[in-house]
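Tertiary structure, described
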Amino acid sequence: MAKVIVVTSGKGGVGKTTTSASFASGLALRGHKTAVIDFDIGLRNLDLIMGCERRVVYDFVNVQNNEASLKQALIRDKNSDNLYVLPASQTRDKDALTQEGVERVMQELRDSFDYVVCDSPAGIEKGAIMALYHADEALVVTNPEVSSVRDSDRMLGILAAKSKRAVEGGEPIREHLVITRYAPNRVAQGEMLSIDDIQELLSVPLLGVIPESESVLHASNAGIPVIHDSKSTSGQAYHDTVARFLGEQKAMRFLVPEKKSIIRRLFGT
């Protein structure tokens, strides 16, 4: 029986889809059969970051409406035999998903995988509620900015009130904090919130800190999740995040400003 993990936040553009792609890839690279689902009906970006957009024939809504089987719609990832992508529809709107249809698809996924990662749309509307409803655990993604943290706090309230576990009076969703686009130099200059500031505001256990890096954009444009770039700080940070989720002890890295060499200081590079 799979564990369902929702990747969520209240604000758009914080790196949810990037995190979903790399986190699911990391689980698969460690031998866990994993499915990652795009709940952003009408936009569909996960398949682009996963580099499988040209292989989409059927989507989540087709499966829900019994227009295709789950096996027909799932796309095997080109970088890992353990990872499958269930894309969203670009031709339907956010109201295309139904509670009953999603429940049936999620149960079928639970029966076939070790982990199911749900890439949530931004906000607190129907699509986001659908994405978190069946979750066992949640990765709450935030940037070190006041507006992003505030919106993440709002999403924590939604997780606690509107998930299936909450509705049925079960154990609460286990929450994890993932901070993306963290720039220690800007934090030191007072331009961004510090990790301590964010944790004080949200009171959620910190799972990972992903440094700001151009490698994330390069990886997205190439259709390869950044976790596969082992030379980049962001790729290494996502590997650490997955390891911590699986119970390994990993020290947090990339939290302090990089020290410049004498040559770099002299030439201002």
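Data block above holds the structure.
Report on the accompanying structure. (Residues numbered from 1 in each chain as written. Predicted model: local features only at pLDDT ≥ 70, side-chain atom pairs only at ≥ 80, totals over all residues. Heavy atoms only, no water.)

Any two aromatic rings considered together are summarised by their centre-to-centre distance and by the angle between their planes. Counted according to the given criterion, the structure contains 4 aromatic pairs. Between Tyr84 and Phe113, the aromatic rings sit 5.7 Å apart at their centres with planes inclined by 70°, giving edge-to-face as the arrangement. Here Tyr84, found in strand β4 (residues 83-86), pairs with Phe113, found in the loop between α5 (99-112) and β5 (115-119); they are 29 residues apart in sequence, far enough to count as distant. In this structure Tyr84 comes out as buried when scored by relative accessible area, which is 15%. You can call Phe113 buried: its relative accessible area is 5%. Ring centres of Tyr115 and Phe245 lie 6.0 Å apart, and the angle between their planes is 65°; on these two criteria the pair is classed as edge-to-face. Of the two residues, Tyr115 sits in strand β5 while Phe245 sits in helix α12 (residues 233-245), which places them 130 residues apart along the sequence. The buried category is assigned to Phe245, whose relative accessible area is 9%. Taken together, Phe23, Tyr115 and Phe245 form an aromatic cluster joined through their ring pairs. Its end group placed over the ring of Phe113, Lys33 keeps NZ or CZ at 5.0 Å from the ring centre. (Phe/Tyr/Trp six-rings, centres within 6.5 Å; stacked < 30°, edge-to-face > 60°. Helix = DSSP H or I, 4+ residues; strand = E, 2+ residues; numbered from the N terminus. Buried < 20%, exposed > 50% of the residue type's maximum accessible area, 1.4 Å probe, protein only. Lys NZ or Arg CZ within 6 Å of the ring centre and 35° of its normal.)

On to helix α7 (residues 146-162), then. Over its 17 residues, α7 runs 24 Å from end to end, which matches the ideal 24 Å to within 8%, given 1.5 Å per residue. Listed as buried for α7 are Ser148, Val149, Ser152, Met155, Leu156, Ile158 and Leu159. Down the axis of α7, the sector holding all buried residues measures 165°, keeping them to one side. More than 90 degrees from the buried face of α7, the exposed residues found are Val146, Arg150 and Ala160. Lining the buried residues of α7 we find β1 (3-8), α6 (126-133), β6 (137-142), α8 (164-167), β7 (174-182) and α10 (195-202). (Expected span 1.5 Å × (residues − 1). Arc of directions from axis to C-beta. Contact = heavy atoms within 4.5 Å.)

In sheet architecture, strand pairing relies on hydrogen bonds along the backbone and comes in two forms, parallel and antiparallel. Ordered in space as β3-β4-β2-β5-β1-β6-β7-β8, the 8 strands form an open sheet in which the pairing is mixed. Only two strands of the sheet have a single partner each, and these edge strands are β3 (75-76) and β8 (206-211). Here β6 runs beside β7; their pairing, made up of 6 bridges, is parallel. Paired with Thr142 across the bridge in β7 is Ile179. (Pairing = 2+ DSSP bridges.)

Function cannot be inferred from these measures alone, as they are strictly geometric.
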